[in-house]
Amino acid sequence: MARTDHRVLDEVLAHSLPFFVQAISMKILFVSSEGLPYSKTGGLADVIEGLPRALRELGHEVAVLLPRYHGNKITSTLVSSVTVALGDQLRFPAIAEGPSNQGVRYFFVSDPEYFDRPQLYGDKDGDYPDNAERFTEFCRVAIEFTKRIWLPDIIHCHDWQTALVPVLLRTQHARDPATRSLPVVFTIHNLGYQGLFPRATLRKIGLPESLFAVEGIEFYGKLNFLKGGLIFADYLTTVSRRYAREILTSEYGAGLEGVIRGRADRLVGILNGVDYATWSPEADGLIAQNYSVHNLAGKRVCKKDLLAAFALPAENLDRPLVGIVSRFADQKGFDLIAEVAGDLLQEDLAIVALGTGQPEYEKLFKALAEKYPQRVAVKIGYDNALAHKIEAGADMFLMPSRYEPCGLNQIYSLRYGTVPIVRATGGLDDTVQNFAPRTQQGTGFKFEAYEGRVLLGCVRAALKIFRDAKAWRAVQANAMGKEYSWKVSAAAYVTLYEAARRSRVLQAAGSSK
Ligand code: ADP
Ligand code: GLC
């Protein structure tokens, strides 16, 4: 049987190797395609802000390397320019350092032709056709960065856009004494995005044909960047324990379950944390009135403000208000809502949704808003301030995901007393406990089977509790009392970084014999 998550971590801790790696300050380099406060399309960006900060607070030196996108108009200092060979093309990206933020250093890879575009990964016509070249360049610059500017003790890469870092280090740079013992931890934030390209791309990005193999980055006749990360990184993590188990199965493994099973002894699930300075009703500067678990009066003011922001009538103030903030993607389970929308709206509830993405889901919410103008409203787009207003002003937060590696919005919702209704998968299952009326324990409402009827039953269960003011107060208080701060997760990453360092030193010693 495959072994995963905490058991592996425990084993790692138990197998102290003969030499000693000091647990004091490490130099940690984050390589990511997005990160707040500079760029964001989803939860990855929140992680790339929160985790480096938490590691810094634990006493480590941390730097973050990001592409310099359109709109990143920061004052920065040029630190180097790099020549990158991409097949038969030479490119000359620059590396600039931006201002430090809470002790974390920020570096940017600047190549306007590749990164100064309206969006990060694609536009209305789909993914940018040169994404393989863009992110290969980014990965190659990351390696040069470690050699010339800042040699870390560990590199932490995230998702397919950075997966070539371990691939290149362990193949084309395998004999380079400067980087041979440089360990890489690779985090899977979402197995649904793999970086798949035609075989011919291999030549364009300057990778050898030998890598196009089953034990390399070939995947059903295509090139698969993510697979490279899974194979060549020293350790793998994903963002919840349950998702770490799920991705070993064909239902959730997105075709890579075999590869992941082969590395199960190097896979750990570490739950994402939350930056409560940004996401809590006590501190939030973007909501109509602050409130706390001790006094929820402000939450009603926020609800009123939210209804106004969505131009819904004030009569909804006493009706349960369900909030949605999401990328509109298949992953998020909106086809279930489509399946039972008629029955759902038979219930006495109102819905506010904020999101953007696949046209069919934008259409779904627009059609509902048209049909039920008094009770349903949608804003298509990306709007951080409105996302905060929904977290504060809604009574319930709906997240019926088909799969969810971690999910942040349900964790934010808990803190705002906005009771999550979720499907029991991935991080949603790990962070929400089903409310039991008998014991008054639990923080939200969960359902298992991916079926519209089952979702409907779960919403009805939540509505029933909502009508019982005392029970509702209990579920809210339980939720608001939960703490998913970064501190605990950051400490788990440190343990893993140390294990990766030990393992890499051993491997490098072995391969130089
Ligand atoms: P994912 O990364 O799969 O999109 P997460 O729940 O981990 O899901 O993170 C989503 C993040 O993006 C949250 O911080 C959420 O508030 C934010 N977000 C998603 N869609 C929008 C939107 N339309 N407007 C503002 N913020 C959004
Ligand atoms: C991905 C996942 C989401 C997770 C986020 C940050 O986008 O879809 O579940 O919370 O990454 O790890």
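Above: the structure in question.
Worth saying up front: this structure is predicted, and the values here are computed from it rather than measured.

Colleague: So, the environment of Asp348: which residues are in play, and what are the values?
Modeller: Here Asp348 lies in the loop between helix H11 (334–344) and strand S18 (350–357). With near-sequence residues (within four places) excluded, Asp348 lies in contact with Arg319, Pro320 and Arg375.

Colleague: Report on the site of ligand 2, specifying residues and quantitative values.
Modeller: Around ligand 2 lies a shell of 14 residues, among which His189, Asn272, Glu404, Cys406 and Gly407 are the nearest. Here an oxygen atom of ligand 2 and a side-chain polar atom of His189 are 2.6 Å apart. Separating an oxygen atom of ligand 2 from a backbone N or O atom of Gly407 is a distance of 2.8 Å. Taking 310 Å² as the accessible area of ligand 2 by itself, protein coverage stands at 93%. At 3 residues, helix H2 (residues 43–57) tops the list of elements feeding residues into the shell around ligand 2.

Colleague: I'd like a rundown of helix H12 (residues 359–371), residues and numbers included.
Modeller: Given a rise of 1.5 Å per residue, 13 residues ought to cover 18 Å, and the 18 Å separating the end C-alpha atoms of H12 matches this to within 8%. Here H12 has its buried residues at Tyr361, Glu362, Leu364, Phe365, Leu368 and Ala369. Along H12, the residues classed as buried sweep out an arc of 155° about the axis, all on the same side. Of the exposed residues in H12, those oriented more than 90 degrees away from the buried face are Pro359, Lys363, Glu370 and Lys371. Of the surrounding secondary structure, the elements contacted by the buried residues of H12 are strand S17 (321–328), H11, S18 and strand S19 (376–380).

Colleague: Explain the sheet that holds strand S13 (residues 218–219) to me, using residue names and the numbers behind them.
Modeller: Strands sit in the order S12-S14-S13 across an open sheet of 3 strands; the sheet is antiparallel. Looking at which strands have only one partner, the edges of the open sheet turn out to be strand S12 (196–197) and S13. Bridge count between S12 and strand S14 (residues 222–224): 2 bridges; the pairing is antiparallel. Residue pairing for S14: Phe197 is matched across the bridge by Leu223. Along the sheet, helix H7 (residues 225–232) contacts S12, S13 and S14; its crossing angle with S14, the most-contacted strand, is approximately 50°.

Colleague: Give a detailed account of the sheet that holds strand S22 (residues 445–447), specifying residues and quantitative values.
Modeller: Note on sheets: strands pair through backbone hydrogen bonds, and any given pair is parallel or antiparallel. Read from one edge to the other, the open sheet built from 6 strands follows the order S19-S18-S17-S20-S21-S22, with strand pairing classed as parallel. What marks the edges here is a single partner per strand, and that holds for S19 and S22. Neighbouring strand axes in the sheet, compared pairwise and without regard to direction, differ in orientation by 15° on average. With 2 bridges connecting them, S17 and strand S20 (residues 396–399) associate as parallel partners.

Cut-off values and rules
Residues numbered from 1 in each chain as written. Chains lettered and ligands numbered in written order. Predicted model: local features only at pLDDT ≥ 70, side-chain atom pairs only at ≥ 80, totals over all residues. Heavy atoms only, no water. Helix = DSSP H or I, 4+ residues; strand = E, 2+ residues; numbered from the N terminus. Contact = heavy atoms within 4.5 Å. Near = heavy atom within 4 Å. Polar contact = N/O pair within 3.5 Å; in protein donor to acceptor, adjacent residues only side chain to side chain. Areas by Shrake-Rupley, 256 points an atom, 1.4 Å probe, with all protein chains shown as cover. Expected span 1.5 Å × (residues − 1). Buried < 20%, exposed > 50% of the residue type's maximum accessible area, 1.4 Å probe, protein only. Arc of directions from axis to C-beta. Pairing = 2+ DSSP bridges. Axes fitted to C-alpha atoms, helices over the stretch in contact; angles between N-to-C directions.

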